[in-house]
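# Notes for the structure review
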There are 2 protein chains.
Amino acid sequence: MIRFYAPDIESDPVLPEAESAHCVRVLRMREGDTLEIVDGKGGLYSCVLKSARPKAAEVEITSKSTLDRHWKPEIIIAVAPTKNTDRMEWLAEKATEIGVDKLVFLNCERSVRKTTKPDRIEKILVSAMKQSLKALKPELEVDVPILEFIDDCSKLDAIKYVGYCDASVERRDFSACYSGQENVVILIGPEGDFSPSEIKAAISAGFIPVTFGDTRLRTETAALFALCATHTLIDRFESGR
Amino acid sequence: MIRFYAPDIESDPVLPEAESAHCVRVLRMREGDTLEIVDGKGGLYSCVLKSARPKAAEVEITSKSTLDRHWKPEIIIAVAPTKNTDRMEWLAEKATEIGVDKLVFLNCERSVRKTTKPDRIEKILVSAMKQSLKALKPELEVDVPILEFIDDCSKLDAIKYVGYCDASVERRDFSACYSGQENVVILIGPEGDFSPSEIKAAISAGFIPVTFGDTRLRTETAALFALCATHTLIDRFESGR
């Protein structure tokens, strides 16, 4: 069954404009047809189309269920956007499929790109959530100054890692130090790496410098590798190994 | 230093046409300039440009070193290509950065795309190898019938896994069953999954059915996740955890 996204479905049983158009104009659904709606917060609703208005299709909720995340610890990936926006859009898609709670685009001293347009990324998150049969949309934050982000993390009950390229800082292997149990924050720097003052601030705030294998990865590849490694270690812990 | 690719550099110290053009026309390198060449087989050569011919630049090798892979077990990923070739090109780039020994594009019963043009993929492998500072180019095989591939794998000293979506077959969690020590072959099916006879043939040939977490992944995402999980488990084993 086709799934639609309506973040406020519980309080307002109407599909947003783009979803309404897709439902009524593209798929030509009619009153009485059944459909599934996710709210991006874990809720999955079985619905019946009540009014096939192409800009504001109204539905009646017949049942609600909750689709839990398939992972337990909360995962936050914070990354300095690449110059090429395609690479960040690709990361947003893949991270949503694989599973992430929050995606943060940082402003770093050496960031080539300082701003990210959230609208396009939001669309990708929604589309990847639907495609991978999830009901939870990752939170998105853009243009967050790195020092502010590091500071905000002090309030989190999470183990914090920073991927760092420069071997002059002592680094551990991520696969050997994350147990798979704790909530986790992973910082991935820009193409030119973090500046010395940024890495110093991260380490002072309790971030553990790590590598993801002895290879040079592009920013978006490092972020995705970090996420896959996190899930692998969570799965391994949960299987009792 | 800019790296060039010349697979036969040891026997014939001349850059291939495209690399010669890049060296002489684009970068305007001149006789006497120094450059680095990789042969895609692990060899890294320091060279001096002897003759700046734009179609066949000739070099003199001044020293040779070997860049070992950063992983020990051999990793083979075999995947049914997606309809959209961009997604396979993306996989080729990312897999090379992260590290893979061989990439095989399969022909399956339910493959949407039956043929892959190797030239474009080869270019991506070379470019990603250079970009990620490797000297080893993954081997590439295209249009391999899946039953032939399964049969060929019987000669390999490797543990074999098949990612399978259909829950009617008993599957293990990949993160819990790969130790990180053995050579490994991972089969990833097409968008419509393997056919029952294909999965039966794989299982009879000793492939272990696995999942990569409880989520629906696109073909290229599953292949990349499998590769990242493999490296994570290898790294973890090597660190003694």
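Here the structure is a predicted model, which is why all the values come from computation and not from measurement. (Residues numbered from 1 in each chain as written. Chains lettered and ligands numbered in written order. Predicted model: local features only at pLDDT ≥ 70, side-chain atom pairs only at ≥ 80, totals over all residues. Heavy atoms only, no water.)

### Observations concerning unusual backbone geometry
Keep in mind that most residues, glycine aside, have a negative phi and that most peptide bonds are trans. Residue and element names in this part refer to chain B. The backbone of Arg28 shows a phi angle near 55°, a positive value even though the residue is not glycine. Mapped onto the secondary structure, Arg28 falls in the loop between helix 1 (17–26) and strand 2 (34–38). On the accessibility criterion, Arg28 (58% relative accessible area) is exposed. One non-glycine residue, Asp193, lies in the positive phi region at around 70°. Here Asp193 lies in the loop between strand 10 (184–188) and helix 6 (196–204). (Helix = DSSP H or I, 4+ residues; strand = E, 2+ residues; numbered from the N terminus. Buried < 20%, exposed > 50% of the residue type's maximum accessible area, 1.4 Å probe, protein only.)

### Brief notes about the environment of Pro73 of chain A
With respect to the helices and strands, Pro73 of chain A occurs in the loop between strand 4 (58–66) and strand 5 (75–79). When near neighbours in sequence (up to four residues on either side) are disregarded, Pro73 of chain A contacts Asp101, Tyr178, Gly180, Gln181, Glu182, Asn183, Ile234 and Glu238 of chain A. (Contact = heavy atoms within 4.5 Å.)

### Quick look at the relation of the copies chain A and chain B
When chain A is brought onto chain B, the operation consists of a screw motion whose angular component is 180° and whose axial shift is 0.0 Å, with 0.0 Å RMSD remaining. Here the symmetry operator amounts to a two-fold rotation axis. (Least-squares fit on C-alpha atoms with pLDDT ≥ 70 in both.)

### With respect to the pattern of salt bridges
Residue and element names in this part refer to chain A. Applying the stated criterion across every chain, the model contains 34 salt bridges over all chains. The closest approach of N and O atoms between Glu19 and Lys130, which form a salt bridge, is 2.9 Å. Of this pair, Glu19 sits in helix 1 (residues 17–26) while Lys130 sits in helix 3 (residues 118–131), placing them 111 residues apart in sequence. Classification of Lys130 by relative accessible area gives buried; the value is 17%. For Glu141, the salt bridge is made with Lys102, and the minimal N-O distance between the two is 3.0 Å. A residue pair is termed long-range when its members are at least 10 positions apart, and Glu141 in strand 7 (residues 139–145) and Lys102 in strand 6 (residues 102–107) qualify at 39 residues. Exposure remark for Glu141: the relative accessible area of 28% places this residue in the partly exposed category. A residue is classified by how much of its surface remains accessible, and Lys102, at 18% relative accessible area, is buried. (Salt bridge = Lys/Arg side-chain N within 4 Å of Asp/Glu carboxyl O.)

### Things to note about the domain arrangement of chain A
Residue and element names in this part refer to chain A. Examined at the domain level, chain A breaks down into domain 1 (3–66) and domain 2 (75–238). Summing both sides of the interface, domain 1 and domain 2 together bury roughly 700 Å²; the carbon and sulfur share of this comes to 61%. For domain 1, the biggest contributors to the area lost against domain 2 are Arg3, Tyr5 and Gly40; these three give 64% of the whole. The interface formed by domain 1 and domain 2 contains one salt bridge. At the junction of domain 1 and domain 2, the tally comes to six residue pairs in polar contact (both at pLDDT 80 or more). The element that contributes the greatest number of residues to the side of domain 1 that touches domain 2 is strand 1 (residues 3–5), accounting for three residues. (Domains from an automatic or database assignment. Buried area = accessible area lost by both parts, 1.4 Å probe. Polar contact = N/O pair within 3.5 Å; in protein donor to acceptor, adjacent residues only side chain to side chain.)

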